[in-house]
Amino acid sequence: MGDRKRRGRLIAGALIVAGAVLGIGLYWLQPWKLWQNETVSEALPTAGPTNSFDAGGGGGTGPRTLAQGSLISHEHTTTGTVKLIGLPDGSRTLRLENLDTSNGPDLRVLLTDAPVKEGVGGWRVFDDGKYVSLGKLKGNKGDQNYAIPAGLNLSDYSSVTIWCDRFDVSFGAAELPGT
C-alpha cells in the first residue's frame, strides 16, 4: 500500500512539473503569434503649417525623405520599405511602409550601426554594436511611424531591423544609405 501511495505522489508531482514547464514554455515562445496578424495603417506624419510633401529632400515646407531602404528577410520572410522622414518642425520619424513579416514575441524596431548582411550570418548582428530601440513593433503588416528621439545623430546609424528581443534575432533589416 505504501508503494502505491508513493507512486501516485510521484506521478502527481511529475504531472504538476510537466504542466508548469509546458505553461512557461508556451508563455516564452508564444507560438500562436505566428498565425496572428496585426495590420497598422498610420498616415504619413505631418507637422507645421502645411501638408505638402517634398520628396526631393530639399528645403520644402512639408515632410521630406532623408533616407530610404528596402527590407530583406532574415529569420522570417520580411518585405517593405523603411524611410527616415524629416518634418517641418525639425522632428524626425522612421516610417515602415507596406511592411509584411511574421508576428512574434517582443518584436522591436531598432536603428543600428550594423551592416545588413543576407543569410544566417546577418541574423544576430544588430545588437552587437551601437543601436537604439524606437519601440515595440506596432503590427506585423501595414504602414507605421516611430518617432526618432530629438538630438539623435542619425549619421551614427546605417540600418534598421525588425528585432525579436526575446530570441536576439532579426526578422528583417534594411540599409539606410546617406544617414
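Below is a summary of the structure that appears in this document. (Residues numbered from 1 in each chain as written. Predicted model: local features only at pLDDT ≥ 70, side-chain atom pairs only at ≥ 80, totals over all residues. Heavy atoms only, no water.)

Next up on the list: the overall build of the protein chain. Along its length, the protein chain carries 1 helix and 10 strands. Helices and strands in the protein chain line up, N terminus first, as α-β-β-β-β-β-β-β-β-β-β. Across the 179 residues in the protein chain, those meeting the buried criterion constitute 40%. Taking the intrachain contacts of the protein chain between residues at least 6 apart in sequence as the baseline, contacts between residues at least 24 apart amount to 64%. Carbon and sulfur atoms form 55% of the exposed surface of the protein chain, whose accessible area is close to 9,700 Å². (Helix = DSSP H or I, 4+ residues; strand = E, 2+ residues; numbered from the N terminus. Buried < 20%, exposed > 50% of the residue type's maximum accessible area, 1.4 Å probe, protein only. Contact = heavy atoms within 4.5 Å. Areas by Shrake-Rupley, 256 points an atom, 1.4 Å probe, with all protein chains shown as cover.)

Under the defined criterion, the tally for this structure stands at 10 salt bridges. The residue Asp 143 makes a salt bridge to Arg 95 at a minimum N-O spacing of 4.0 Å. Linking Asp 143 in strand β8 (residues 141-148) with Arg 95 in strand β5 (residues 92-100), this pair joins segments that are 48 residues apart in sequence. Relative accessible area serves as the criterion here: at 6%, Arg 95 is assigned to the buried category. Note that Arg 108 is salt-bridged to Asp 165, the shortest N-O span being 3.8 Å. Of the two residues, Arg 108 is situated in strand β6 (residues 107-112) and Asp 165 in the loop between β9 (159-164) and β10 (169-175); the sequence distance between them amounts to 57 residues. Taken together, the shared-partner salt bridges in this structure form one network comprising Lys 83, Arg 95, Glu 97 and Asp 143. (Salt bridge = Lys/Arg side-chain N within 4 Å of Asp/Glu carboxyl O.)

Below, the discussion takes up unusual backbone geometry. Notably, Asp 106 is not glycine yet its phi reads approximately 55°, a positive angle. Of the residues examined, Asp 106 reaches a relative accessible area of 18% and is grouped as buried. Positive phi, close to 50°, is recorded for Asp 168, a residue that is not glycine. Tracing the chain through its elements places Asp 168 in the loop between β9 and β10. Judged by relative accessible area, which is 35%, Asp 168 ranks as partly exposed.

Moving on to the pairing of β5. Among the 9 residues that make up β5, 7 are buried, leaving the element largely enclosed by the rest of the structure. As defined by bridge partners, strand β4 (residues 79-86) adjoins β5 across 7 bridges and the pair is classed as antiparallel. Across the sheet, residue Val 82 finds its bridge partner in β5, namely Leu 96. Count of turn residues in the β4/β5 antiparallel hairpin: 5 residues, of which Gly 90 carries a positive phi of about 95°. Alignment of β5 against β8, held across 7 bridges, turns out to be antiparallel. When the sheet's bridge partners are listed, Arg 95 is paired in β8 with Asn 145. (Pairing = 2+ DSSP bridges.)

This next bit is on the nonpolar core. Val 82, Leu 94, Leu 96, Val 109, Leu 111, Leu 134 and Leu 137 are the most contacted members of the largest nonpolar core, which has 26 residues in total. Listing elements by their share of this core, those giving two or more residues are β4, β5, β6, β7 (131-136), β8, β9 and β10. Discounting residues that sit within four places of it in the chain, Leu 134 has contacts with Leu 94, Val 109, Leu 111, Tyr 146, Ala 147, Ile 148 and Pro 149. (Core = buried A, V, L, I, M, F, W, Y, C linked by side-chain atoms within 4.5 Å.)

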